[in-house]
Structures are given as structure tokens and as C-alpha cells.
Amino acid sequence: MPANRLLIVCTSVAILFVTSAVSDAAENWPQWRGPAANGVAPGAGYPIKWSAAENVLWKYKLPGLGASTPVIWGNDIFLTCENQGKNSVLCLDRSGKERWSVSLGQEVPAKNRKASGSNPSAVTDGENVFVYFKSGELACLSADGKIVWQKNLQQMYGADTLWWDLGTSPVLTKKDVVVACMQSSGSYLAAFDKASGEPDWKQDRNLDAPGESEQSYTTPLVIDAAGGQTIVVLGADHVTGHNAATGKQLWIVGGLNPDRRQNWRSISSPVFSDGLVVAPYARGESLTAIRLGGEGNVTKSHVAWSTGGPAADVPTPVASDGKLYVCTDHGTVAMIDIASGNVLDEQEVQGRRVTVSASPVLAGGHLYVTDEGGTTSVYRAGDKLELVAENALDDFAVATPVFADGRAYIRTDGFLWCIGEK
């Protein structure tokens with residue numbers, strides 16, 4: 001940090017000026033996996049090297065725990081966390097200054113040490129922000145922090161029967177906010193009008209999966225397809241496609257658990273690119289690529305390829321321009337040809353043991369992988385993957401980082417960090 005006060009003031013003014021300058025045409029990160037829900041950041045010029053003392057533009061001390069990813073629209077950053085035992089939504093501006101904080105009922109604490117009552121990430125359409133919590137609370141807030149509508153899905157549709165902590169983030173269709181609930185009994189998709197919060201439809205999704213394999217913590221995909229939007233859902237040993245306007249199941253792919261394993265709950269979410277939905281499954285032991293379309297059971301006709309890995313149990317892959325980027329739970333990264341499933345390159349972590357829960361992000365031609373120790377490994381993503389930097393923040397991290405306008409926003413247990421070249 002600068003030593004004299006004048007330089008601090010000047011630096012602050014400069015940061016505010018840059019924030020103001022970019023806000024009119026700011027790059028947005030409106031949902032958990034970015035603008036296209038594929039883990040790819042817009043733009044270029046992102047930082048390659050940083051530490052807790054280098055290239056930190058600001059850091060905001062969080063009032064409580066949360067594993068959700070921040071979302072960004074214009075000059076606003078929205079994130080959820082626990083605050084004095086309550087479910088809370090925070091809004092910061094791009095300079096790191098808190099704009100408002102809203103509480104939405106009592107927090108239900110986590111069972112897993114990595115988790116929280118605020119695991120699901122928010123989603124925004126630029127007008128309102130939609131949030132969901134382990135307590136079942138689903139709410140819509142305006143950009144200035146006013147509650148537009150609020151309801152509790154567990155009170156409406158039944159208790160949470162997940163063995164662990166809710167992780168599914170809400171997604172937006174043209175008309176609705178949609179939540180997937182995949183648990184031991186009473187699994188469903190539910191859609192609520194974005195403006196009013198009134199239920200538009202509810203579709204049961206109870207499939208023949210044994211034991212804990214019924215349960216899923218994945219986030220659905222919303223894909224623009226011929227005839228309208230399709231919602232793709234992974235969980236309970238199947239991938240299903242649903243009409244976004246009605247919730248009706250259009251097609252189903254099974255075979256993800258051929259030996260009927262009892263404990264294949266799913267965490268890593270599906271990703272879509274180049275006409276294929278790629279579904280990680282089997283606790284990191286399989287990837288299945290599915291062509292869109294068809295009706296009914298399309299397992300035999302629409303599965304393009306299936307492989308035993310490398311894959312991931314928790315981190316969700318990146319998909320872009322014919323390539324799939326996978327990070328395993330122990331930090332191995334792989335680049336895969338999305339058309340064939342062939343591995344193009346694979347890199348093992350060298351010199352240290354890591355565990356990764358955050359999902360990788362592709363930004364400005366580099367793949368960013370943040371491990372639970374708070375270190376982000378940066379790989380140049382060309383014909384091969386080349387490790388170019390390892391950047392430590394020395395704080396526990398499970399949330400997926402966010403990239404926009406040449407800055408990285410990394411959430412750790414204690415802080416939200418804004419990283420950028422000064």
C-alpha cells in the first residue's frame with residue numbers, strides 16, 4: 001500500500017474514475033458460470049500474477065460465510081452470505097464500497113465444513129437479482145436492494161431431504177426464474193414469474209436412482225434451441241431436457257450409473273458448447289456428451305461419446321470453441337476435444353498437494369484454477385496447457401472466481417478480493 005495519505009487519496013480517486021469509466025459499457029457476469037454459462041469470461045487483459053500484497057485493487061471483509069460466486073451487472077456486484085445468523089444479500093460497487101445489505105430470514109447452517117447456508121449463487125437480468133438459500137428462501141430484489149417478492153420453497157413443496165448442503169443455483173429463462181430440487185423424495189423443477197413471483201409451473205422429476213444417487217447439487221442449463229428454450233438438468237443418474245415454457249420433459253438420457261451405485265450423488269454441473277451437452281458424473285469417473293434434440297429416451301441415438309475421464313466430482317468444466325477444460329478435484333487439468341472426447345493435453349500439479357472445489361474459468365486465453373488453499377494456478381491455453389503463474393492469497397477458497405473488465409474477483413472465507421494490474 002502507498003505510504004502517504006495523498007497517494008492513497010489519489011489512488012482511490014483513480015480507481016473510482018476507472019470504475020466510472022467502465023461502468024457504462026461494463027462486462028457483466030450475471031450468473032454462476034458467466035455470461036454464456038460455460039465458464040468463459042468476456043474480454044481480455046486479465047491479471048496473470050498477484051499475491052495478498054501485489055495487484056490487489058481492493059478487498060472487502062465479508063460479514064459471514066458463503067460459498068456462492070459473486071455476480072456482476074454494470075457497476076454492481078451481488079453476493080450472498082451469512083450475517084449474524086441471517087441469510088443475507090450484499091451489493092458492492094466496483095470500487096469495493098458496500099451499497100446495501102438485505103436479510104432474508106434465518107440461516108440454516110451447513111453440515112459440511114466446506115459449505116454454508118449460502119451456497120447457491122445469485123442470478124441477475126440487469127433489472128433484479130434473484131437469490132436462493134439452503135433454508136428454501138427464494139427472493140427477487142431490485143438493484144437498489146428492495147424486496148420485490150419472497151417465498152419459501154420448502155414450505156410450499158416439502159422439506160429438504162438432501163444429505164448435505166443445498167448447492168443448486170437458480171437460473172433464468174425468458175419469463176421465469178427456475179429452481180431444480182433433486183433429493184431423496186419429491187424431486188422437482190419449479191418456475192416462478194420473474195416480475196411477480198407467481199408460480200408458472202412445477203414439474204416432478206422422480207427417477208429410478210438408488211440411494212444417495214437420487215440427490216444432486218448441480219445447476220441446470222438454459223439453452224436456446226429450435227422451437228424455444230430448453231432446460232437441461234443433470235442428476236439422479238440421468239440428464240433430462242425440459243420445455244422452458246411448461247417444464248414438460250422432452251427427452252431423457254440414462255445409463256450414467258449402469259452398475260446402480262448407491263452413492264453417486266452429483267455435484268459438477270453440465271456444460272454446453274458446439275451443440276453438445278457434456279455431463280460429468282460418477283464422482284469424477286465419467287464424462288458423457290449428448291446431442292440436443294429428439295423425444296423420449298434418446299440414450300442410444302443422442303449420446304455422442306462417453307469416457308472415463310479425466311473428469312471431476314465437484315468442479316464444473318469450461319467449454320469453448322471446440323474444447324473442454326476439466327479440472328479434477330486434486331488439481332489435474334486437462335484439455336479435451338469436445339467433438340470426440342479425446343484428451344489433447346493433461347497437466348499434473350507439481351510440487352504440492354491441492355484440493356479444488358471452485359470451478360475453472362477461461363479468461364483472456366488463460367485457464368484459472370483456484371484451489372482450497374486460496375492459490376490460483378494460471379495456465380496458458382493454446383495447443384497445450386502451460387503453467388505460467390501460481391498466485392497465493394492464503395485464505396480458504398471454494399467459490400468460483402469471477403472475471404470482468406480486466407479484473408478477477410476472488411471470494412475466500414474472509415474477503416472478496418478485486419485483483420487487477422495497477
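Shown above is the structure to which this text applies.
A brief report on the enclosed structure follows.

Calculation criteria
- The numbers attached to residues start from 1 for each chain and follow its sequence in the written order.
- The predicted nature of this model means local features are confined to residues of pLDDT at least 70 and side-chain atom pairs, given and counted, to a pLDDT of 80 or more, with totals for whole chains, interfaces and linings taken over all residues.
- Water and hydrogen atoms were dropped before computing side-chain values, which therefore reflect all heavy atoms in the structure.
- Pairs of strands are assigned from DSSP output, requiring at least two bridges between the strands.
- Only DSSP runs of H or I covering at least 4 residues are called helices, and only runs of E covering at least 2 are called strands; the numbering of each starts at the N terminus.
- Only the stretch in contact is used when a helix axis is fitted, and all axes are lines through C-alpha atoms; the angle between N-to-C directions ranges over 0 to 180 degrees.
- Working definition: a disulfide is two cysteine sulfur atoms within 2.5 Å of each other.
- Relative accessibility under 20% of the residue-type maximum defines a buried residue, over 50% an exposed one, and the middle range a partly exposed one, all with a 1.4 Å probe and only protein chains included.
- One side-chain nitrogen of Lys or Arg within 4 Å of one carboxyl oxygen of Asp or Glu is enough to make a salt bridge.
- Here, the term nonpolar core denotes a set of buried Ala, Val, Leu, Ile, Met, Phe, Trp, Tyr and Cys residues that are joined through side-chain atoms within 4.5 Å.
- Residues are treated as being in contact if the distance between any of their heavy atoms lies within 4.5 Å.

Spatially, β23-β24-β25-β26 is the arrangement adopted by the four strands of the open sheet, whose pairing is antiparallel. With one partner strand each, in any of the chains shown, β23 (318-320) and β26 (343-347) form the two edges of the open sheet. Each strand of the sheet is rotated relative to its neighbour by a mean of 15°, with strand direction disregarded.

Below, the discussion takes up the sheet that holds strand β6 (residues 123-124). Reading across the sheet, the four strands line up as β6-β7-β8-β9 and stay open at both edges, with antiparallel pairing between neighbours. The open sheet is flanked by β6 and β9 (147-152), the only strands paired with a single partner. Strand direction decides the pairing type here: strand β7 (residues 128-132) and strand β8 (residues 137-142), joined by five bridges, are antiparallel. Residue pairing for β8: Tyr132 is matched across the bridge by Leu138.

Let us look at the state of the cysteines. According to the stated counting rule, one finds zero disulfides in the structure shown. Cys81 supplies the cysteine sulfur nearest to Cys91, a cysteine that is in no disulfide, at a spacing of 13 Å. The buried category is assigned to Cys91, whose relative accessible area is 0%. Of the cysteine sulfurs around Cys140, a residue in no disulfide, the closest is that of Cys91, at 14 Å.

It is worth spelling out the pattern of salt bridges at this point. Should the charged atoms of two oppositely charged side chains come close, the side chains can pair. Here the structure, examined in full by the defined rule, presents twelve salt bridges. We note a salt bridge from Asp76 to Arg99, for which the minimum N-O separation is 2.9 Å. Of this pair, Asp76 sits in strand β3 (residues 76-83) while Arg99 sits in strand β5 (residues 98-106), placing them 23 residues apart in sequence. For Asp144, the salt bridge goes to Lys146, with nearest N and O atoms at 3.3 Å.

For a regular strand, side-chain orientation follows a simple rule: the groups alternate between the two sheet faces. Counting buried residues in strand β29 (residues 375-381) gives six out of seven residues, a clear majority hidden from the surface. Linkage of strand β28 (residues 366-370) to β29, two consecutive antiparallel strands, is achieved through a turn of four residues, within which Gly374 is found at a positive phi near 90°. In this antiparallel pair of consecutive strands, β29 and strand β30 (residues 385-392), the connection spans three residues.

This part is about the nonpolar core. Trp58, Phe403, Tyr409 and Leu416 are the most contacted members of the largest nonpolar core, which totals 31 residues. Among the secondary structure elements, those contributing two or more residues to this core are β1 (56-61), β3, β4 (86-93), β27 (361-363), β31 (402-404), β32 (407-411) and β33 (415-419). Apart from the residues lying within four places of it in its own chain, the contact partners of Leu416 are Trp58, Lys59, Tyr60, Leu62, Pro70, Ile77, Leu92, Tyr409, Ile410 and Arg411. Of all hydrophobic cores here, the second largest spans 17 residues; its members include Tyr132, Leu153, Leu162 and Leu166.

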